[in-house]
Amino acid sequence: MFRAIGNKLKNLKLRQRMLLVYAIGCFLPLILVTLIMFNSSRRSLSTLQINNEKNKLEEGQALIEADMHLAVELSERIYFDPKEQMIGVPVVGSAEDKLFDYRSFPELTEYVRKYYGNISGICIYVYPGTVDHVDNRYFRLITDTIQEKTWYINTMKRQGIPSWSYLTDLGTGRRSIRLTRVLYTKDYEVAGIISISIDPTLTYDFVNGLNGYAYMTLNGKELVHSNFRITDGEMKDIYDIIDRKKTEEFSFRDEESFLSYVRITPRYSEDYYDIIVIRTYDEIDSAIRGSAALTIIPLLGGVVVMGIAIILLNSWFSRRITALGSAMHKVVEKDYDTAETGIGDAKDEIYDLYTDMNKMVQDMQSLTEAAAEERVQREQLYSRQKDVEFKMLATQINPHFLYNTLENIRMLAMINKEKEIEDISVRLTRLLRSSLEAGSELKTLAWEMDKVDCYLRIQEYRFGDRITATQCFDPEVAEKYMIMPFIVQPFVENAYVHAMEDMDEGGRIDITAEVGKELSISIRDNGNGMTKEELESLRAAMNDFENLDRTHIGVANVNQRIRLRFGDQYGVTIESAEGEGTTVRITMPLVPADT
């Protein structure tokens, strides 16, 4: 291992050696000091953060307890007068009571909200017969259903001692803590139950405003508020931790955490509320990392100054090396303009390397240009050869002799009233004449589809109902765009000859021409199809113009003609599966007929 390290150090470049000396002698010690100071600052800030969390909880506890004490005070002095059908409420700052008709309950609610802080609502439950009638949601009869409620049972069981629970707003889903207590008459007879609700925003906003995982429980069992989803099992585990006084370090959801909590205990009540906050140490670290980083800025400043000094020391050498590397990178990216690189005019070893590189670049450019010219010439020659081959194939039979022969056949068929033979002769003459006169000039899509139709009609006389062929295209649109002639027929012919010649019935060929962003022509058949090996062989032969197989000359010829004229992104694609037929798709760019 030491030998390997020694070899690596021995082979370091000059710039790397200078940086290594700087790192070992200056930078590494400063980093160690910085890390020690940073960790020390983080520990101090972490302790401060935990104390701040506890102080915040205690402040919230004081505010909530203050409003709960007001609710207890109000519940002690409010009473109901069944004879006068009035509710008595103590006047703030006076020994007198203010009376409200129970049918004017909203006035009572506004009065309580005005003088009793965050008390948001009062509801009085009375027994049937206590009042004439109940017609508002703040004054309710105690029904059998209400008597089965847990809060009602606990309230009656405590015989005048306040009972605390929570109330859920069906509209918002928020819960508010509430006090329930037996309501007496002025003569201390039981008249019903009074329910006093604390504004839900007091506890809801406080819990949701705490950092970390925070929630509030009633009597350590029922969840009141929470800023995250907590399970009953997690609540039980947390109370076990509180009971064991292990709140400073424990694992919550696989993360090291600490726990802070306060217990809110209302006056004269057995109930209590706990507000519990769980903070992970990772969360605290992320919160204080920025503050801790400020303590090491002076040390970082020293590191920067030392770095600038060493950079200035080797900047001249580095600039020359970088300039040479930049010039070589441009050559790699095939950008041979290396005249302006900032290499300078100092006649040293770096300059010699730069001069040799420029000479090499010039030689490479000459070779590249020669190779490109040779390739263009080869492709042009290949194209001409294919065009000649196409002409030769089309003119293998003397056209005048063939025309005269077909005309004689047509006349004899007409004289003998052989309509089918006459029709075949006419269509074959049109097809042959078009193939001989087409050349390499573009034709309209309509012209091409007409020649395909001639071929299809001729094949109908041969195959009859065994094979059905259809064409689908827009005749008006087909007159507007140009394509290369005789690129569809070879694939239609292959469908007849290779795919479906042995079929007794049910053969089908569908020819579709579509005009979108490009011109697309598809020839689909439901014939024998091809095996994967046959399909791969055809695809390879179709794109191998150097070693063209005579078996696939028609397919390859069409593909090559399209790609040579319009580019490699166009041409012929073939999909096939054995027993499922074959689909050929020809794509070309849109060439308007008026161009």
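Residues numbered from 1 in each chain as written. Predicted model: local features only at pLDDT ≥ 70, side-chain atom pairs only at ≥ 80, totals over all residues. Heavy atoms only, no water.

> Let's hear about the overall build of the protein chain: which residues, and what values?
Helix and strand content of the protein chain: 17 helices and 20 strands. The buried share among the 595 residues of the protein chain stands at 40%. Of the contacts made within the protein chain by residues no fewer than 6 positions apart, 61% connect residues no fewer than 24 positions apart. Working note: accessible area of the protein chain is about 34,600 Å², and carbon and sulfur atoms make up 53% of it. (Helix = DSSP H or I, 4+ residues; strand = E, 2+ residues; numbered from the N terminus. Buried < 20%, exposed > 50% of the residue type's maximum accessible area, 1.4 Å probe, protein only. Contact = heavy atoms within 4.5 Å. Areas by Shrake-Rupley, 256 points an atom, 1.4 Å probe, with all protein chains shown as cover.)

> Give a description of the pattern of salt bridges that names residues and reports values.
Under the criterion given, the structure shown has 13 salt bridges. Where Asp240 meets Lys236, a salt bridge forms, and the shortest distance between an N and an O atom there is 3.6 Å. One end of the pair is Asp240 and the other is Lys236, both in helix H7 (residues 232-243) and 4 residues apart, which spans about a single turn. Using a relative accessible area of 30% as the deciding quantity, one classes Asp240 as partly exposed. Close ionic contact of Glu518 with Arg585 constitutes a salt bridge, the shortest N to O distance being 3.7 Å. Pair noted here: Glu518 is in the loop between strand S17 (507-515) and strand S18 (519-525) and Arg585 is in strand S20 (residues 581-588), with a separation of 67 residues, a long-range link. (Salt bridge = Lys/Arg side-chain N within 4 Å of Asp/Glu carboxyl O.)

> Account for the sheet that holds strand S1 (residues 79-81), with residues named and values stated.
Adjacent strands of a sheet pair through backbone hydrogen bonds, lying either parallel or antiparallel. Ordered in space as S1-S2-S3, the 3 strands form an open sheet in which the pairing is antiparallel. Whereas interior strands pair on both sides, the edge strands pair on one side only; in this sheet they are S1 and strand S3 (97-101). For this sheet, the mean angle separating the axes of adjacent strands, direction not counted, is 30 degrees. Bridging between strand S2 (residues 86-90) and S3 involves 5 bridges; their strand directions are antiparallel. Residue pairing for S3: Met86 is matched across the bridge by Asp101. (Pairing = 2+ DSSP bridges. Axes fitted to C-alpha atoms, helices over the stretch in contact; angles between N-to-C directions.)

> Pulling in residues and values, what's your account of the packing of aromatic side chains?
One pair of aromatic rings is described through two measures. These are the centre distance and the angle between the planes. Scanning the entire structure with this criterion turns up 11 aromatic pairs. Relative to Trp151, the ring of Tyr125 lies with its centre 5.1 Å away and its plane at 50 degrees, an arrangement referred to as tilted. In this pair, Tyr125 is assigned in strand S4 (residues 119-126) and Trp151 in helix H5 (residues 150-157), connecting sequence segments 26 residues apart. For Tyr125, a relative accessible area of 6% gives the class buried. (Phe/Tyr/Trp six-rings, centres within 6.5 Å; stacked < 30°, edge-to-face > 60°.)

> Hey, could you go over the side chain of Thr180 for me, with residue numbers and the actual values?
With respect to the helices and strands, the residue Thr180 is situated in strand S7 (residues 175-184). Since its relative accessible area comes to 0%, Thr180 is described here as buried. Separated by 2.6 Å, the side chains of Thr180 and Thr155 make a polar contact. Ignoring sequence-local partners within four residues, the contact set of Thr180 consists of Trp151, Thr155, Ile161, Pro162, Ser163, Ile193, Ile194 and Ser195. (Polar contact = N/O pair within 3.5 Å; in protein donor to acceptor, adjacent residues only side chain to side chain.)

> So, the nonpolar core: which residues are in play, and what are the values?
The biggest cluster of nonpolar side chains holds 44 residues, and the ones touching the most others in it are Ile523 and Ile562. The dominant element in this core, judged by the number of residues it contributes, is helix H13 (residues 445-463), at 7 residues. In this structure Ile562 touches Met484, Ile487, Gly567, Tyr570, Gly571, Val572, Ile586, Thr587 and Met588, once residues within four positions along its chain are discounted. Among the nonpolar cores identified, the runner-up in size contains 43 residues, and Phe100, Leu179, Phe206 and Val207 belong to it. (Core = buried A, V, L, I, M, F, W, Y, C linked by side-chain atoms within 4.5 Å.)

> Help me get a handle on H13, residues and values and all.
With 19 residues, H13 should reach 27 Å at 1.5 Å per residue; the first-to-last C-alpha distance of 26 Å fits that figure. Within H13, 14 of the 19 residues are buried, which leaves the element mostly enclosed by the surrounding structure. In the stretch just after H13, Gly464 is the one whose phi turns positive, near 60 degrees. (Expected span 1.5 Å × (residues − 1).)

> Can you break down the pairing of strand S9 (residues 213-218) residue by residue, with the values?
Burial of S9 is extensive: 5 of the 6 residues sit out of reach of the surface. As paired elements, S9 and strand S13 (residues 273-280) share 6 bridges and run antiparallel to each other. Residue pairing in the sheet places Met216 in a bridge with Ile275 of S13. Two successive antiparallel strands, S9 and strand S10 (residues 222-226), enclose a turn made up of 3 residues, where Asn219 displays a positive phi of approximately 55 degrees.

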